[in-house]
Amino acid sequence: MWWRRLRYALLLIALCAIATCPAARRSCTAKLRAAEADDLLGYLADRVAARVAATGRVPPTAAGPTPPTGCCERGGTCPVDPALWTAPGWRELAFSIDGEHRFSYQYTPEPSGLAATLRATGDVACDGTVRVVELQLTVAGGQVQRAWSHRTTARPPASP
């Protein structure tokens, strides 16, 4: 009799695991894809900080958004394209992406040379939900202060 109860309990556990596995996998995949923006913006911020340490100002040349259109139009990821990263602003930061990626990147300096905004925009699941990661950089006392913001918005539907 106890074996029958144990068998039903194990069956229930197995069914619950099967039901939640796809959802857990999607959640984990989305988190890994979204981490790309944080990692690359952090790297870009380090490049700006190195420039500030040398000159006291952020690099003056804006760059991006690169690529100019989203990656969903290309099957979900943007392919490697070294030509995209040859703009003067990206060269000044010595930045390029040498692998597939899911975000469009942008660097916008303030005219004062004491602040800049780094931005990554992308629809990581290609479901119409656009994730925007911004990193505000401010030069204070020769050091670069960082302020992160993350927001998600619904992409407006395409016009017919």
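Everything numeric here is computed off the predicted structure, so don't read it as measured data.

Novice: Explain the nonpolar core to me, using residue names and the numbers behind them.
Specialist: With 25 residues, the main nonpolar core has Leu-41, Trp-90, Tyr-105, Tyr-107 and Leu-118 as its most contacted residues. Listed by contribution, the elements that provide at least two residues to this core are helix H1 (2–55), helix H2 (88–93), strand E2 (104–109), strand E3 (115–122) and strand E4 (129–140). Ranked by the residues each element gives to this core, the list is headed by H1, at six residues. If sequence neighbours within four positions are ignored, Leu-41 has contacts with Tyr-105, Leu-118, Arg-119, Ala-120, Val-133, Leu-135 and Trp-148.

Novice: With reference to specific residues and values, describe the sheet that holds E4.
Specialist: An order of E1-E2-E3-E4-E5 is seen for the five strands of this open sheet, with the pairing classed as antiparallel. Each edge of the open sheet is held by one strand with a lone partner, namely strand E1 (63–66) and strand E5 (143–154). Taking the axes of each pair of neighbouring strands and ignoring which way they run, one obtains an average angle of 15° across the sheet. Across six bridges, E2 lies against E3 in antiparallel orientation. In the strand pairing of E3, Pro-109 is matched with Ala-116.

Novice: Please give an account of the packing of aromatic side chains that cites residues and values.
Specialist: Applying the stated rule across the entire model yields six aromatic pairs. Ring geometry for Trp-90 and Phe-95: centres 5.4 Å apart, planes at 45°, overall tilted. Phe-95 matches Trp-90 in its accessibility class, with the two residues each being buried. Through pairs of rings, three or more aromatic residues link up here, namely Tyr-43, Trp-85, Trp-90, Phe-95, Phe-103 and Tyr-105.

Rules used in this analysis
Residues numbered from 1 in each chain as written. Predicted model: local features only at pLDDT ≥ 70, side-chain atom pairs only at ≥ 80, totals over all residues. Heavy atoms only, no water. Core = buried A, V, L, I, M, F, W, Y, C linked by side-chain atoms within 4.5 Å. Buried < 20%, exposed > 50% of the residue type's maximum accessible area, 1.4 Å probe, protein only. Helix = DSSP H or I, 4+ residues; strand = E, 2+ residues; numbered from the N terminus. Contact = heavy atoms within 4.5 Å. Pairing = 2+ DSSP bridges. Axes fitted to C-alpha atoms, helices over the stretch in contact; angles between N-to-C directions. Phe/Tyr/Trp six-rings, centres within 6.5 Å; stacked < 30°, edge-to-face > 60°.

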